[in-house]
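Chain by chain, the residues:
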Amino acid sequence: MSNLQDPRVLLALERTLLAWNRSSLALIIFGFVIEKATLLGQVLDPIKYADRIIYSQWLGVAVIVFGLCISFWSIVQYRIALRSLTQEEMIEGYNTHLPIVVALFSILTGFLLMISFLL
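First, a word on scope: everything that follows refers to the structure included in this document.

**A look at a nonpolar patch on the surface**
A cluster of nonpolar side chains, Leu 25, Ile 29, Phe 32 and Val 33, forms an exposed patch at the surface whose accessible area comes to about 330 Å². Here Ile 29 is to be found in helix α1 (residues 8–36).

**Some details on the packing of α1 against helix α3 (residues 50–83)**
It is the contact of α1 with α3, at a shortest axis distance of 7 Å, that shows an interaxial angle of 170°. Relative to α3, α1 is oriented roughly antiparallel. In terms of residue class, the contact of α1 with α3 is built from 19 nonpolar, nine polar and two charged.

**Considerations on the environment of Met 114**
For Met 114, the location among the structural elements is in helix α4 (residues 98–118). Put simply, Met 114 and Ile 28 are 86 residues apart on the chain and 9.1 Å apart in space, counted from C-alpha to C-alpha. Excluding anything up to four places from it in sequence, Met 114 contacts Val 61, Ile 64, Val 65 and Leu 68.

**Regarding the side chain of Thr 96**
For Thr 96, the position within the fold is in the loop between α3 and α4. Once residues within four sequence positions are removed from consideration, Thr 96 is found in contact with Leu 10, Tyr 78, Leu 82 and Met 90.

**A few points about the environment of Tyr 94**
With respect to the helices, strands and loops of the structure, Tyr 94 is situated in the loop between α3 and α4. In this structure, the C-alpha to C-alpha distance between Tyr 94 and Ser 84, residues ten residues apart in sequence, is 16 Å. Ignoring any residue separated from it by four or fewer positions in sequence, one finds Tyr 94 in contact with Leu 10, Leu 11 and Glu 14. Within the local environment of Tyr 94, its side chain forms a polar contact with the side chain of Glu 14, the two groups lying 2.7 Å apart.

Thresholds applied
- Residues numbered from 1 in each chain as written.
- Predicted model: local features only at pLDDT ≥ 70, side-chain atom pairs only at ≥ 80, totals over all residues.
- Heavy atoms only, no water.
- Patch = residues over 30% accessible without salt bridge, like charges linked within 9 Å, V, L, I, M, F, W, Y side chains within 5 Å.
- Areas by Shrake-Rupley, 256 points an atom, 1.4 Å probe, with all protein chains shown as cover.
- Salt bridge = Lys/Arg side-chain N within 4 Å of Asp/Glu carboxyl O.
- Helix = DSSP H or I, 4+ residues; strand = E, 2+ residues; numbered from the N terminus.
- Axes fitted to C-alpha atoms, helices over the stretch in contact; angles between N-to-C directions.
- Parallel < 35°, antiparallel > 145°, perpendicular 65-115°, else oblique.
- Nonpolar A, V, L, I, M, F, W, Y, C, P; charged D, E, K, R; others polar.
- Contact = heavy atoms within 4.5 Å.
- Polar contact = N/O pair within 3.5 Å; in protein donor to acceptor, adjacent residues only side chain to side chain.

Below, the structure written as structure tokens:
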């Protein structure tokens, strides 16, 4: 429990969730770059780079999954912290679910991206 009786605590929680969401998006993008780096090996010499291509594909998917896990866990942490706020710290009429929607959209797009690599 924060016991600050200040509505800015809610906004700080929201900024923290969005910062974790940006970090997870960076991981998802990094996984995409790793996976797509295999295209250069396929063009140059597919036989020589065959084992590295498989490794890069799985490494890219693993980094994307890690980004998805970070995004999901940030939602869980946000909801735990949100429950600990007092009524004085809440802003009347403020929608606290919008950052969660943004994070869930990131999870959905990352999941679809990962599926497109595996198919």
